[in-house]
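As a plain string of letters, each chain reads:
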Amino acid sequence: MKIGILSRGPNLYSTRRLVEAARERGHDVEVLDTLHCYMNINSLEPVVHYQGRELKDFDAIIPRIGASITFYGAAVLRQFEMMGVYPLNESVAISRSRDKLRAMQLMSRKGIGMPVTGFAHSPDDIPDLIDLVGGAPLVIKLLEGTQGIGVVLAETRKAAESVIEAFMGLKTNIMVQEYIKEAGGADIRCFVVGDKVVASMKRQAPEGEFRSNLHRGGTAAVIRITPEERATAVRAAKTMGLNVAGVDILRSNHGPVVMEVNSSPGIQGIEEATSIDVASKIIQFIEKNARVNHTRTRGKG
Ligand code: ADP
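Okay, so let's go over this structure. In this text, all values refer to a predicted model and were calculated from it rather than measured experimentally.

### Quick look at the pairing of strand β1 (residues 2-6)
Within β1, five of the five residues are buried, which leaves it mostly tucked inside the rest of the structure. Residues K2, G4 and L6 of β1 are buried on one face, and the alternating residues I3 and I5, pointing to the opposite face, are buried as well. Pairing analysis gives five bridges linking β1 to strand β2 (residues 28-32), with the strands arranged parallel. Each residue of the ladder has a partner; that of G4, found in β2, is E30. Note on the crossover from β1 through helix α1 (residues 13-24) to β2: the handedness is right-handed. Pairing analysis gives four bridges linking β1 to strand β6 (residues 60-63), with the strands arranged parallel. If you follow I3 over to β6, its bridge partner there is A60.

The structure is reproduced here in structure tokens:
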């Protein structure tokens, strides 16, 4: 098969591992810099151009689209979908999961466990917003934050009010969330491929910190997840329409709750923690499922 990887960085671990796994399994693979792809959207025959040539004969595309280029990346991927190329994750599914509010609304409709969460932009009644999610302690998040930046634990009602006021000054969307204290500063990353969790790891925050992000000094270890956690992760990915996803779960008193569904989950942390060859599992999934025009929406969603 001829596989294209949409990625800004051919040297990133995840990209390198996917290239390696695809070659090992006998495929022809090329890394395409997403932002360097261009296209004529008026032509009757959709095509993607790259470095002066037409990218015509790809069987499958693996999108590795960073949060900062979601908009353009989704357009490039959609163009491949219009050409009938099989996308590992569809453009609509990526857009869905990147919009955290939309993602949580969709999961709540499916009855997937989530922390009690409120959304706001400019609430006139902050105490009411705080009551809505059960009062302090609570977690307040900037919607645009990544790697734990912009995630604050407010232990008292007064602190919560001040933080919400400060975030409101930034004129941005915020999320106010029940604090899952019983998670003990740990979360679980479930790596979903198709209808299976192929690997899972527990990330533990360092002493005195509640955020378990590896970038914040968290440590990763292999963990056995329960059947309920497994089912929750797979359902969350399915709800987004993602074939491959990193689903982050907290262990709460009311069962597993999903914090986030990531459409371009990193491969390094999970492979190092579990010694599972996740990259090959992704390539095998493509071998089984890639067919021309096998995209549900063909970019129409
Ligand atoms: P980011 O997307 O920036 O990583 P997250 O929403 O994943 O932000 O939060 C970062 C970390 O903070 C999580 O990995 C988790 O350990 C912790 N955390 C986030 N929300 C909660 C919560 N409601 N209760 C307890 N811990 C939380």
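### Things to note about the site of the ligand
Neighbouring residues of the ligand: 20 residues in total, closest K141, G148, E178, S212 and N213. Within the backbone of E178, a nitrogen or oxygen atom sits 2.9 Å from a nitrogen atom of the ligand. N213 is positioned with one of its side-chain polar atoms (N or O) 2.7 Å from an oxygen atom of the ligand. Protein contact buries 94% of the 550 Å² of open area that the ligand shows by itself. Sorting the residues of the shell around the ligand by element identifies β9 (138-142), β11 (174-178) and β16 (255-262) as the ones contributing at least two each. Split into classes, the residues belonging to the shell around the ligand amount to seven nonpolar, seven polar and six charged. In this structure, the shell around the ligand is formed jointly by two domains, domain 2 (117-179) and domain 3 (182-276), each of which donates at least three residues.

### So, the packing of aromatic side chains
For the structure shown, the criterion picks out two aromatic pairs. Ring centres of F58 and F80 lie 6.5 Å apart, and the angle between their planes is 80 degrees; this geometry places the pair in the edge-to-face category. Linking F58 in the loop between β5 (53-55) and β6 with F80 in helix α2 (residues 70-82), this pair joins segments that are 22 residues apart in sequence. Residue classification places F58 among the buried positions, given a relative accessible area of 6%. When the centroid spacing of 5.9 Å and the interplanar angle of 85 degrees are considered together, the rings of Y179 and F210 count as edge-to-face. Of this pair, Y179 sits in the loop between β11 and β12 (186-193) while F210 sits in the loop between β13 (196-204) and β14 (219-222); the two residues are 31 residues apart in sequence, bridging distant segments of the chain. Here the basic side chain of K2 rests over the ring of F58, its NZ or CZ set 4.6 Å away from the ring centre.

### As for helix α6 (residues 157-169)
The end-to-end C-alpha separation of α6 is 19 Å, in line with the 18 Å expected for 13 residues at 1.5 Å each. Turning to α6, the residues buried within the fold contact α5 (126-132), β9, β10 (151-154) and β11. Downstream of α6 by a residue or two, K171 has a phi angle that is positive, lying close to 50 degrees.

### Describing the layout of surface pockets
Gaps left between atoms are located by rolling a probe of water-molecule size over the structure's atoms. If you add up the space inside the second largest pocket, you get close to 210 Å³. If you go around the second largest pocket, the residues you meet are V193, G194, D195, K196, V198, K281, Q284, F285, K288 and N289. Sorting the residues of the lining of the second largest pocket by element identifies β13 and α9 (278-289) as the ones contributing at least two each. For the lining of the second largest pocket, the leading source of residues is α9, giving five residues. Within the lining of the second largest pocket, the residues separate by chemical class into three nonpolar, three polar and four charged.

### A closer look at the side chain of S7
Within the secondary structure, S7 is located in the loop between β1 and α1. There is a polar contact of 3.1 Å between the side chain of S7 and the backbone nitrogen of G9. Non-local contacts of S7, meaning those with residues more than four positions away in its chain, are made with L12, T15, V31, L32, D33, T34 and R64.

### Remarks on unusual backbone geometry
Look at the link from A136 to P137: it is a cis peptide, with omega at -5 degrees. Mapped onto the elements, P137 comes out in the loop between α5 and β9. Positive phi values are uncommon outside glycine, yet Q51 reaches one of about 50 degrees. Its location among the elements puts Q51 in the loop between β4 (48-50) and β5.

The rules behind each value
Counting restarts for each chain: residues are numbered from 1 in the order of the written sequence. With the structure being a predicted model, the display of local features is reserved for residues of pLDDT at least 70 and the display and counting of side-chain atom pairs for 80 or more, all residues being used for whole-chain, interface and lining totals. By convention in this description, side-chain values take in all heavy atoms of the structure and omit both hydrogens and water. A simple rule labels every residue: compare its accessible area, found with a 1.4 Å probe on the protein chains alone, to the largest value its type can have, and call it buried under 20%, exposed over 50%, or partly exposed in between. For the purposes of this entry, the term helix denotes a DSSP run of H or I that reaches at least four residues, the term strand denotes a run of E that reaches at least two, and both are numbered from the N terminus. Two strands make a pair as long as DSSP finds a minimum of two bridges between them. Whether a crossover is right-handed comes down to one check: with the strands pointing away from the viewer, does the path from the first strand over the helix to the second run clockwise; if it does, it is right-handed. One heavy atom suffices: a residue is near a molecule or strand as soon as one of its heavy atoms comes within 4 Å of it. Pairs of N or O atoms are called polar contacts if they sit within 3.5 Å, as long as, within protein, a hydrogen donor faces a hydrogen acceptor (for residues adjacent in sequence, only side-chain-to-side-chain pairs). Under the convention used here, a 1.4 Å probe and the Shrake-Rupley method define accessible areas, while residue burial counts only the protein chains that appear. Residues are sorted three ways: Asp, Glu, Lys and Arg are charged, Ala, Val, Leu, Ile, Met, Phe, Trp, Tyr, Cys and Pro are nonpolar, and all the rest, Gly among them, are polar. An automatic or database domain assignment supplies the residue ranges for each domain. For this analysis, a ring pair means two rings from Phe, Tyr or Trp (six-membered ring only for Trp) whose centres lie within 6.5 Å, classed as stacked if their planes differ by under 30 degrees, edge-to-face if by over 60, and tilted for the remaining angles. Either the NZ atom of lysine or the CZ atom of arginine qualifies as a charge over a ring when it sits within 6 Å of the ring centre and within 35 degrees of the ring normal. Between the first and last residue of a helix there are one fewer steps than residues, each counted as 1.5 Å, and that sum is the expected span. Pairs of residues are marked as contacts when any of their non-hydrogen atoms sit within 4.5 Å. In this analysis a 1.4 Å probe is tested at points of a 1 Å grid over the protein atoms alone, and where it fits but cannot get out there is a cavity; an open set with protein on both sides within 12 Å along at least five of seven lines is a pocket; lining residues have an atom within 4 Å of a point. Grid points are joined across faces, edges and corners, and a volume is the space filled by probe spheres set on the points.

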